[in-house]
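Chain by chain, the residues run as shown.
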Amino acid sequence: MSLFRIYKPKSYPSSSTRLRVLLSNHSFYELLYDPLISQHYRFCPTASDVPNRPFSTSAFTLFHLAPCKFPSQALKFKASATFYGKPFSSSSAPNGDDDHGVSSLTMVESESECDFDADVGKTTVGVDDDDEGCSTVGDSTMVELGNGISEEGIVVDSMVASDSNDDVGLERCEGHLNVASRDPVEVYRELRNAEKGAKQTRCDWEIMQQVLSYFGKSGWASNQALAIYIGMSFFPTAVQKFRNFFFKKCSADVFKYVVSLGPSDDAVKFLFPIFVEYCLEEFPDEIKRFRGMIKSADLTKPHTWFPFARAMKRKIVYHCGPTNSGKTYNALQRFMEAKKGIYCSPLRLLAMEVFDKVNAHGVYCSLLTGQEKKYVPFSNHIACTVEMVSTDELYDVAVIDEIQVMADPCRGYAWTRALLGLKADEIHLCGDPSVLSIVRKICAETGDQLHEQHYDRFKPLVVEAKTLLGDLKNVRSGDCVVAFSRREIFEVKMAIEKHTNHRCCVIYGALPPETRRQQATLFNDQDNEFDVLVASDAVGMGLNLNIRRVIFYSLSKYNGDKIVPVPASQVKQIAGRAGRRGSRYPDGLTTTLHLEDLDYLIECLKQPFVEVRKVGLFPFFEQVELFAGQLPNVTFCHLLEKFGENCRLDGSYFLCRHDHIKKVANMLEKVQGLSLEDRFNFCFAPVNIRDPKAMYHLLRFASAYSQNVPVNIAMGMPKGSARNDSELLDLETKHQVLSMYMWLSNHFKEETFPYVKKAEAMATDIADLLGQSLTKANWKPESRQAGKPKPQRKEDGYERPRSLIKLYEKNRLEKASQNKLLEKVVA
Ligand SMILES: Nc1ncnc2c1ncn2[C@@H]1O[C@H](COP(=O)(O)OP(=O)(O)OP(=O)(O)O)[C@@H](O)[C@H]1O
């Protein structure tokens, strides 16, 4: 039954319309001008099984209602008047939105508008306060509208229920409209208990197909289904079964009602609670399994994972500022004063530096990294890499360096864990301001007391506008040329040594920390010819270097996928290495090789730190183990994938990337006899997944370990320093393999890795050989990255690279102008 609320604006000319409206809840409608009944209109459904329902109305204009397929689409009247009909819907819509209970017709004329709202499920016709001329009607299905012409608006004359012969029809119509207001549990039970569903017309059946297909594709429904533990992957199966059930059991009124909604969100919202009832009854096992899975993949509220730390009232001091502003210095002062302290470093190299520095100050300090444990007798202090931090020990003072790495997509979880879990009365965080607001948020959750100390750079960094004008001959003593690939580093070294009198030290990520330190010492030492440093972004952290000027050879780098501009935060960090307090060059300078890169450098240095909104998390083994209990018989790699899909996180956290872990997990699938914990630990071993030799050795180590036999190093010692780049690469790989062996010996049963001392000795020797090799290296690097833009050749033989930043900028501008053009065309 329908309620028609008819009104029109007062401005509407009183003589303009005289009409009658009949609404019926069938799918197809037509409004016809019947020439036999001059000036009268007939409003009739087209469905063949529903009789025409002519009725008379007077109107002075002709209009036509174009047929529409679904009620959800607008019913459109054309001519001098246009009507739009919104879909019928239940007045008790699941979301409680009253609008869903209103069907409406809107008449639009060329000069003015008149709206008709038809409320479903009531029996009276009301008139808005503003409106006049409509009268109420009785409770028949054919709604009678009031007589007479309004002073100002629509005149609606009495409507005759011409089809009132059919009481059953009326009940049916009323019945299907009432469906919406019924309890979904009751509707579901009725369907479930029905022996057979009602017969449907082909047309309705097709519409229902579309409705259920719309339901299956609804992101809202699949999301909501998670609340009853119907997982995303099971949702399509559940919908398919529900669909079959619905077709088999659906009663006429429910069917009609859903068809009247059409494939729409209203239909989804109506069906969803019935679907829920169906799922709860039909899929208890799946729901139980998924609930268990979700529960075990719950990474929400990570601060509650550390109850002992929560029981403490910790004081957190955030040393917040740019590079070279004395943050770490001040934090380390507190660390050394403490009775018991821990320093957490982002790099082995930095942990070693602090270990040396603190011991040199007479404070006994041990060293703990993934690869080495150096216990200093009577020490109460420890310098460790952040991944190795113990959340069991109690400390007076802890220092977490480079706290902004919390937001690192791969390693961030280690910083988050240290911050949340460290049992220390006082925790000093050193870093730039990018994670300050999120640390504030975390402290509010943990109940820790946060103190902020803000710092400025000791001396401002000066940008040299002249640049090197594209010529490496312009390097000077104390310069550090920064390039972002190993290949470029060696090209630059060669070019400088060939065309100038300078000698170059080299620092890049694949070198062992010992070699990096050796090269840094060589560079810092004034009594030799090595006065220029060529380095990768590895120079950005951890080394105290006497750098006068940082020169960016380029400001773009390969990110594993494509060449991208170096992020501003990284540019700042690297440039900030110039002019350290206490070094030979306290005033820092920075510039670029090319003039055209200078703008980007200035732009980066000017940019404020971008506020980080999320920091990294990764599950502990125990969490993965719990999760695995819900998914027996899947590979470890698949397990990690599933964990990633199903884990829940709070808004301040993201799950750290684990492609690297999955790649190792995948490789180790063929190794039998490893426990889940073994697999988990092997996956964290430091291995370069792009180096097949290193991957081979990891596989070999894991196989031997799984057979419980002593794991051999099985790798020959190189005879001498490298004579070419492939020998240098070989030394790098060998050192990585030894480093991996040492790491494994610290993370697995020691007796299974009995040659750890030998590995340490070999690693030290190889680090030395690497240092020697770099000192004399004057060969062309081997190309490992096909497809990278080739450097341009200069006439004097010196190779000058193209400015990729310029190229990037050009592409960006081209893209932007293309987009603008496209927008124009679309407009
Ligand atoms: N008060 C101080 N007295 C003497 N030297 C200091 C002092 N503060 C800092 N320094 C020296 O200044 C240099 C930079 O300090 P520090 O490493 O603490 O800076 P930072 O802000 O932590 O920079 P980064 O983030 O680059 O590590 C270091 O060599 C440090 O020893």
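Residues numbered from 1 in each chain as written. Predicted model: local features only at pLDDT ≥ 70, side-chain atom pairs only at ≥ 80, totals over all residues. Heavy atoms only, no water.

As annotated in an unreviewed UniProt entry, the chain carries the name ATP-dependent RNA helicase SUV3L, mitochondrial and is attributed to Quercus lobata. In its Subunit (unreviewed entry) section, UniProt records this for the chain: "Homodimer; in free form. Component of the mitochondrial degradosome (mtEXO) complex which is a heteropentamer containing 2 copies of SUPV3L1 and 3 copies of PNPT1." Listed in UniProt under the heading Catalytic activity (unreviewed entry), the comment for the chain reads: "ATP + H2O = ADP + phosphate + H(+)". (UniProt positions renumbered as here; feature names shortened; annotations may be inferred.)

### Regarding the pairing of strand β17 (residues 423–431)
Along β17, 8 of the 9 residues are buried, which leaves the element largely enclosed by surrounding structure. Where strand β11 (residues 315–320) and β17 come together, 6 bridges link them in parallel fashion. Paired with C320 across the two strands is G431, which belongs to β17. Relative to β17, strand β16 (residues 394–400) is paired through 6 bridges, and the arrangement is parallel. (Buried < 20%, exposed > 50% of the residue type's maximum accessible area, 1.4 Å probe, protein only. Helix = DSSP H or I, 4+ residues; strand = E, 2+ residues; numbered from the N terminus. Pairing = 2+ DSSP bridges.)

### Focus: the sheet that holds strand β19 (residues 462–463)
Read from one edge of the open sheet, 6 strands run β19-β26-β23-β20-β22-β21, paired in parallel fashion. Because the sheet does not close on itself, it has two edges, and the strands there are β19 and β21 (503–507). Relative to strand β22 (residues 530–535), β21 is paired through 5 bridges, and the arrangement is parallel. Bridge assignment links R503 to a residue of β22, and that residue is F530. Contacts from helix α15 (residues 513–524) reach β20 (479–482), β21 and β22 within the one sheet, and its direction differs from that of β21 by about 150 degrees. Running at roughly 140 degrees to strand β26 (residues 589–592), helix α17 (residues 598–606) makes contact with β19, β23 (549–552) and β26 of the sheet. (Contact = heavy atoms within 4.5 Å. Axes fitted to C-alpha atoms, helices over the stretch in contact; angles between N-to-C directions.)

### Quick word on the nonpolar core
Core analysis: the biggest nonpolar cluster contains 123 residues, and I400, L422, L472 and L744 have the highest contact counts within it. Here this core takes 9 residues from helix α23 (residues 725–747), the largest share from any one element. When near neighbours in sequence (up to four residues on either side) are disregarded, L744 contacts F682, A685, L698, F701 and F753. The next biggest cluster of nonpolar side chains, apart from the first, holds 41 residues, and it includes I228, V254, F255 and F272. (Core = buried A, V, L, I, M, F, W, Y, C linked by side-chain atoms within 4.5 Å.)

### Regarding the site of the ligand
Lining the immediate environment of the ligand, one finds 14 residues, of which K327, T328, Y329, R577 and R580 sit closest. Interatomic distance of 2.9 Å between a backbone N/O atom of S325 and an oxygen atom of the ligand. Between the ligand and the protein, one listed contact pairs an oxygen atom with a side-chain N or O atom of R577 at 2.5 Å. In the complex, the protein chains occlude 79% of the 610 Å² of accessible area that the ligand would expose alone. In terms of residue class, the shell around the ligand is built from 3 nonpolar, 6 polar and 5 charged. Residue-level mapping places the shell around the ligand at the junction of two domains, with at least three residues from each of domain 2 (305–454) and domain 3 (461–606). (Near = heavy atom within 4 Å. Polar contact = N/O pair within 3.5 Å; in protein donor to acceptor, adjacent residues only side chain to side chain. Areas by Shrake-Rupley, 256 points an atom, 1.4 Å probe, with all protein chains shown as cover. Nonpolar A, V, L, I, M, F, W, Y, C, P; charged D, E, K, R; others polar. Domains from an automatic or database assignment.)

### A look at the state of the cysteines
Using the criterion set out here, one finds 0 disulfides in the structure. You can see C637 has no disulfide; the closest cysteine sulfur is in C683, sitting 8.3 Å from it. Residue classification places C637 among the buried positions, given a relative accessible area of 10%. (Disulfide = S-S within 2.5 Å.)

### Focus: unusual backbone geometry
Outside of glycine, negative phi angles account for most residues, and trans bonds account for most peptide bonds. Although it is not a glycine, N324 sits at a positive phi angle of roughly 55 degrees. Within the element layout of this structure, N324 appears in the loop between β11 and α10 (327–337). On the basis of relative accessibility, which here comes to 7%, the residue N324 falls in the buried class. One non-glycine residue with positive phi stands out, namely T467, at about 60 degrees. As for its placement among the helices and strands, T467 is situated in the loop between β19 and β20.

### Digging into helix α16 (residues 568–575)
Here α16 lies mainly inside the structure; 7 of its 8 residues are buried. For α16, every residue scored as buried is listed here: A568, Q570, V571, K572, Q573, I574 and A575. Where α16 is buried, its residues contact β20, β23, β24 (556–558), β26 and α17.

### Considering the layout of surface pockets
When its volume is computed, the second largest pocket comes out at roughly 1100 Å³. In terms of lining, the second largest pocket is formed by 44 residues, of which the most central are T323, N324, S325, G326 and R580. Mapped by element, the contributors of at least two residues to the lining of the second largest pocket are α10, α11 (348–360) and α16. Of the residues contributing to the lining of the second largest pocket, the split by class is 14 nonpolar, 17 polar and 13 charged. When residues of the lining of the second largest pocket are sorted by domain, at least three fall in each of domain 2 (305–454) and domain 3 (461–606). (1 Å grid on protein atoms, 1.4 Å probe; cavity = no way out; pocket = protein on both sides within 12 Å on 5 of 7 lines; lining within 4 Å. Points joined across faces, edges and corners; volume = space filled by probe spheres on them.)

### A closer look at the packing of aromatic side chains
Tallied over the entire structure, the rule returns 36 aromatic pairs. An aromatic cluster of three or more residues is present, and its members are Y188, F215, W220, F234, F235, F242, F245, F246, F272, F275, Y278 and F283. Just above the ring of F609 sits the side chain of K572; from NZ or CZ to the centre is 3.9 Å. (Phe/Tyr/Trp six-rings, centres within 6.5 Å; stacked < 30°, edge-to-face > 60°. Lys NZ or Arg CZ within 6 Å of the ring centre and 35° of its normal.)

### Let's talk about the side chain of Q519
Mapped onto the fold, Q519 is located in helix α15. From its side chain, Q519 meets the backbone nitrogen of V506 in a polar contact 2.7 Å long. Non-local contacts of Q519, meaning those with residues more than four positions away in its chain, are made with C505, V506, I507, G771, L774 and T775.

### Here we look at the pairing of β26
Side chains L589 and T591 of β26 all project onto a buried face; the interleaved residues T590 and T592 project onto the opposite face, where all are buried too. In this structure, β19 lies alongside β26, joined through 2 bridges in parallel fashion. Across the sheet, the residue bridging to V462 is L589, located in β26. Pairing of β23 with β26, which is carried by 4 bridges, proceeds in the parallel orientation. Paired with V550 across the bridge in β26 is T590.

### Structural notes on the packing of α15 against helix α24 (residues 756–776)
Between α15 and α24, the shortest axis-to-axis distance is 8 Å and the interhelical angle comes to 40 degrees. With respect to each other, α15 and α24 are oriented oblique. Viewed along their axes, α15 and α24 form a crossing whose handedness is right-handed. Residues E514, T515, Q518, Q519 and L522 of α15 form the contact with α24, whose participating residues are A767, L770, G771, L774 and T775. Of the residues that constitute the contact of α15 with α24, the class distribution is 4 nonpolar, 5 polar and 1 charged. (Parallel < 35°, antiparallel > 145°, perpendicular 65-115°, else oblique. Left-handed = near helix turned anticlockwise from the far one by under 90°.)

### Digging into the environment of T385
Relative to the assigned elements, T385 resides in strand β15 (residues 381–385). By relative accessible area, which is 8% here, T385 ends up buried. Once residues within four sequence positions are removed from consideration, T385 is found in contact with S345, L347, R348, A351, L368, T369 and G370.

### Examining the packing of helix α5 (residues 235–249) against helix α7 (residues 265–282)
In helix packing, the relevant descriptors are the interaxial angle and the interaxial distance, both defined with respect to the helix axes. One can describe the packing of α5 onto α7 by two numbers: an axis separation of 10 Å at closest approach and a directional angle of 100 degrees. Judged on the interaxial angle alone, α7 and α5 are roughly perpendicular. Touching F235, A238, V239, K241, F242, F245 and F246 of α5 are L271, I274, F275, Y278 and C279, all from α7. Its residues assigned to classes, the contact of α5 with α7 comprises 11 nonpolar, no polar and 1 charged.

### A few points about α7
The terminal C-alpha atoms of α7, which comprises 18 residues, lie 24 Å apart, in line with the 26 Å expected from a rise of 1.5 Å per residue. Considering bend angle alone, the principal kink of α7 is centred on F272 and spans about 30 degrees; proline P273 follows within four residues of it. Those residues of α7 that sit buried are D266, A267, V268, K269, F270, L271, F272, I274, F275, V276, Y278 and C279. If you follow the buried residues of α7, they end up packed against α2 (184–193), α3 (202–217), α4 (219–225), α5, α6 (252–261) and α8 (284–296). (Expected span 1.5 Å × (residues − 1). Bend = angle between axes of the 7 residues up to and from the residue.)

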